[in-house]
Amino acid sequence: MDFYHIQSYSEYKEAYKASVKTPETFWESIAEENFSWKKKWNEILSWDFTKAEIRWFDGAKLNITENCIDRHLDTRGEKTALLFEPNSPSEAAQHISYNQLYEKVCRFANVLKQKGIEKGDRVCIYLPMIPELAVSVLACARIGAVHSVVFAGFSAQALSQRILDCDCKMVITSDGAFRGNKTIPLKNIVDNALEDCPDVTSVLVVRRTGEHIKMKEGRDEWLLPLLDSASISCIPEVMDAEDPLFILYTSGSTGKPKGMVHTTAGYMVYSAYTFKNVFQYQEEDIYWCTADIGWITGHSYIVYGPLANGATTVMFEGVPSYPDYGRFWEIVAKHKVTQFYTAPTAIRALAKEPLEFVKKHDLTSLKILGTVGEPINEEAWHWYNNNIGDGLCPIVDTWWQTETGGILISALPKITPAILPTFATLPLPGIQPVLVDDSSKEIKGNPAHGKLCIKFPWPGMARTIWGDHKRYKETYFSAYQNKYFTGDGALRNDDGYYRITGRVDDVIIVSGHNLGTAPIEDVINTHEAVAESAIVGFPHDVKGNALYGFVTLKHPEFSSEKISEEINQLISTSIGPIAKLDKIQFTEGLPKTRSGKIMRRILRKIASGETESLGDISTLLNPEVVQEIIQQRK
Ligand code: 6R9
């Protein structure tokens, strides 16, 4: 008996207990019963956190694409694997079946081989959210090439930095990308990036927007003719469990981006296992995650996790605001989406808009809602629950990281009792979180507040940083002995439920009190005029630090002293006068990363007047708001 699909709370508790008592046996039976292997492992787990060395299923041989595609062909060949919804609602959706996906991936894999790509070579993928993105990822995995997907909103400089760091030989891109009413000249960006990357010998170009582009003789080729003449079968490369599957860059707040390396078997088992349980996927379901495949959420929960479970996974090319703010809900209604997974930043943006955009679409197909990426504030949670889920769909607030490969803390829908807004709730089986205090001691008992660490390995964790194992060890395993340090703070309530309070770099000590950013922002956002907020600390003679709040209103034209006072009154009542804001600045927007996370680091510099040393802000989603915030600084 294995615990692959947990269906009740008692099963969860039993599974959790077994996963802590005998982790090896627990994961072995999951791996054995639910995946196909060319050869079984010699050892399930070996690990040493002091050296940052972790190996799962060592000695096993497999190919992840056989698990994601081939093994479904007999029973689900005609089932839709990828459901592609284009940017423009007037372009038809594409339903790509498992049989068709098999053929597309094989052809693409053969093209890669023909272009000289071999097992272990790195291939950079810089594509919009079109089917070729998922197909190229799988084609790399088919032949054992290591994919490095770079989000197609990054600049030429960011792209070349990532190509150089892991020494890619090939770039896969498109002529351009559609995003709302704009087109983005992707191929031009690649051309600029490649001026600094002499080792890239081949560029494959997908035709999407049809605009005129330059093709460099001997380097650039259109993909389509190559695919048309490629064979429709490709024997999958036999991979070792610990062979790298992909590299994905995570920016972090300082220094150069870290190329997190995920390996084959552990990542496969973990992304598939967590997908099945967190989304309780059933055979007929239509699952949609709105992330981009350029982020880890897209890797694990658009491509690998869903496909390993034979699911139908929606890929959306466009943006939530085009042609209007009802686009997400129109797609849910059109394809009868059952599970919908998005980010708090998207929810807050859509909640600002009139409810008619929601109301005119039939959302009754929805069963489960999810969020990821940032703490979800209570106000946004209720909006999502009431208006999208109609109070009937459990919301899973899934906490995890690029480094963790898959979800670590989340409720299981209709299984975990009393899901609470702002709480990610309980660890999934196999995950052993601990909270540590400033003296590195584990805080036992509840309630508790501390730095969130994980004290035992799980199969999906990253194995290293490409080319810099020392940095991997120092960043994640040196702060606390024998523990993986997440960089996040968390609170654990009397029931053992976890609430993530934000990055610990963002924690603000006011008069000796340690305040997380999330709980205070949560209160600010309950004010009916507020759309979003971010708080940071700035030096204060008496308190050490004081709080500076940047607040975006739903209707910016109505900013007033009265709202500032009301915000402080709310904070005073809910948390205490200690957390009141010394300064409140109303802003048109907040600086965000391209994946939608608020960049408090920049706001902190602005609040303390260090506007000369903001660092590189060109990789922000909205660099223009920074100048405006500086000019209106209090
Ligand atoms: C998957 C992903 C990781 C950081 C993480 C944390 C924040 C993600 C969260 C959350 C509160 C959640 N984060 N999910 N905070 N509640 N449900 O986002 O990966 O881009 O690497 O970011 O995002 O701070 O440490 P990544």
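Residues numbered from 1 in each chain as written. Predicted model: local features only at pLDDT ≥ 70, side-chain atom pairs only at ≥ 80, totals over all residues. Heavy atoms only, no water.

This part covers the pattern of salt bridges. Evaluation of the coordinates by the stated rule reveals 38 salt bridges. Between R142 and D70 there is a salt bridge; the shortest N-O distance is 2.8 Å. With R142 in helix α6 (residues 131-143) and D70 in the loop between α3 (64-68) and α4 (73-76), this pair connects stretches of sequence that are 72 residues apart. Among the ionic pairs, R207 bridges to D175, the shortest N-O distance being 4.0 Å. With R207 in the loop between β11 (202-206) and β12 (220-222) and D175 in the loop between β8 (170-174) and β9 (177-179), the pair connects residues that are 32 residues apart, well separated along the chain. Each of E85, R327, E330 and K334 takes part in one network of salt bridges that share partners. (Salt bridge = Lys/Arg side-chain N within 4 Å of Asp/Glu carboxyl O. Helix = DSSP H or I, 4+ residues; strand = E, 2+ residues; numbered from the N terminus.)

On to the domain arrangement of the protein chain, then. Annotation of the protein chain at the domain level lists domain 1 (9-319 + 398-428 + 435-490) and domain 2 (511-633). For domain 1 versus domain 2, the separation of C-alpha centres amounts to 33 Å. Contacts between domain 1 and domain 2 engage 8 residues on the former and 6 residues on the latter. A buried area of about 650 Å², summed over both sides, lies between domain 1 and domain 2, and 58% of it is on carbon and sulfur atoms. (Domains from an automatic or database assignment. Contact = heavy atoms within 4.5 Å. Buried area = accessible area lost by both parts, 1.4 Å probe.)

We now examine helix α15 (residues 378-388). Buried within α15 are the following residues: A380, W381, W383, Y384, N385, N387 and I388. Its buried side turned inward, α15 meets α12 (327-335), β18 (339-342), α13 (344-351), α14 (356-359), β19 (368-371) and β20 (395-397). Just beyond α15, the residue with positive phi is D390, at close to 55°. (Buried < 20%, exposed > 50% of the residue type's maximum accessible area, 1.4 Å probe, protein only.)

Taken as a whole, the second largest pocket encloses approximately 440 Å³ of empty space. The wall of the second largest pocket is formed by 21 residues, among which K104, E132, V206, L224 and L227 lie closest to the centre. A total of 5 residues in the lining of the second largest pocket trace back to one element, the largest contributor, which is helix α5 (residues 98-114). Counted by class, the lining of the second largest pocket contains 11 nonpolar, 2 polar and 8 charged residues. (1 Å grid on protein atoms, 1.4 Å probe; cavity = no way out; pocket = protein on both sides within 12 Å on 5 of 7 lines; lining within 4 Å. Points joined across faces, edges and corners; volume = space filled by probe spheres on them. Nonpolar A, V, L, I, M, F, W, Y, C, P; charged D, E, K, R; others polar.)

This next bit is on the UniProt feature "domain: Acetyl-coenzyme A synthetase N-terminal" (unreviewed entry) in the protein chain. UniProt records the feature "domain: Acetyl-coenzyme A synthetase N-terminal" (unreviewed entry) at residues 12-68, using the numbering of this structure. Here residues 12-68 is 47% helix and 25% strand, with 26 Å between the C-alpha atoms at its ends. (UniProt positions renumbered as here; feature names shortened; annotations may be inferred.)

With that settled, consider the sheet that holds strand β28 (residues 530-540). Taken together, 3 strands build an open sheet; the order of strands is β28-β29-β30 and the sheet is mixed. Every interior strand has two partners, whereas the edge strands, β28 and β30 (583-586), have only one. Each adjacent strand pair in this sheet contributes to an overall mean axis angle of 20°, direction not counted. When strand β29 (residues 544-553) meets β30, the two strands line up parallel, connected through 4 bridges. By the bridge assignment for β30, V551 is matched with F586. Here helix α19 (residues 600-607) sits on the sheet and contacts β28 and β29; the angle it forms with β28, its principal contact strand, is near 55°. (Pairing = 2+ DSSP bridges. Axes fitted to C-alpha atoms, helices over the stretch in contact; angles between N-to-C directions.)

In this section: the sheet that holds strand β17 (residues 312-316). By way of backbone hydrogen bonds, the strands of a sheet pair with one another, either parallel or antiparallel. An order of β5-β4-β17-β16-β18-β19-β20 is seen for the 7 strands of this open sheet, with the pairing classed as mixed. Two strands close off the open sheet at either side, each with one partner strand: β5 (94-97) and β20. Averaged over all adjacent pairs, the angle separating strand axes in this sheet is 20°, with direction ignored. In terms of strand pairing, strand β4 (residues 80-85) meets β17 through 4 bridges, oriented parallel. Within β17, the residue paired with L82 across the bridge is T313. Strands in contact with α12 are β4, β5, β16 (286-289), β17 and β18; relative to β4, the strand with the most contacts, it is inclined by about 140°.

Moving on: empty space enclosed by the protein. Tallying each qualifying case throughout the model produces 4 cavities of 30 Å³ or more. Roughly 140 Å³ of internal volume is contained in the largest cavity. The wall of the largest cavity is formed by 16 residues, among which R348, P375, N377, A518 and E521 lie closest to the centre. Ranked by residue count, the leading element in the lining of the largest cavity is helix α17 (residues 517-524), at 3 residues. Here the residues of the lining of the largest cavity sort into 5 nonpolar, 4 polar and 7 charged.

Take α6 next. Here α6 is 13 residues long and its end C-alpha atoms lie 19 Å apart, about the 18 Å a rise of 1.5 Å per residue gives. Counting buried positions over the 13 residues of α6 gives 12, a clear majority of the element. Just beyond α6, the residue with positive phi is G144, at close to 80°. (Expected span 1.5 Å × (residues − 1).)

Inspection of the region around the ligand gives 16 residues, with D397, T398, T402, D488 and K597 positioned closest. Here an oxygen atom of the ligand sits 2.9 Å away from a polar atom, N or O, in the side chain of Q401. Within the side chain of K597, a nitrogen or oxygen atom sits 2.8 Å from an oxygen atom of the ligand. Of all the elements in the fold, those that place two or more residues in the shell around the ligand are α11 (296-308) and β25 (498-503). Its residues placed into classes, the shell around the ligand shows 6 nonpolar, 5 polar and 5 charged. (Near = heavy atom within 4 Å. Polar contact = N/O pair within 3.5 Å; in protein donor to acceptor, adjacent residues only side chain to side chain.)

Burial analysis of strand β24 (residues 484-492) places 8 of its 9 residues in the buried class, the great majority of the element. Two elements, β24 and β25, share 5 bridges in a ladder whose sense is antiparallel. Bridging from a neighbouring strand, L491 pairs with R499 of β25. Count of turn residues in the β24/β25 antiparallel hairpin: 5 residues, of which G496 carries a positive phi of about 85°.

This part is about the packing of α13 against α15. Running from N to C, α13 and α15 point in directions that differ by 75°, and their axes come no closer than 10 Å. One finds that α13 runs roughly perpendicular with respect to α15. Every residue of α15 that contacts α13 at I347, R348, L350 and A351 is listed here: A380, W383 and Y384. For the contact of α13 with α15, the class distribution of residues is 6 nonpolar, no polar and 1 charged. (Parallel < 35°, antiparallel > 145°, perpendicular 65-115°, else oblique.)

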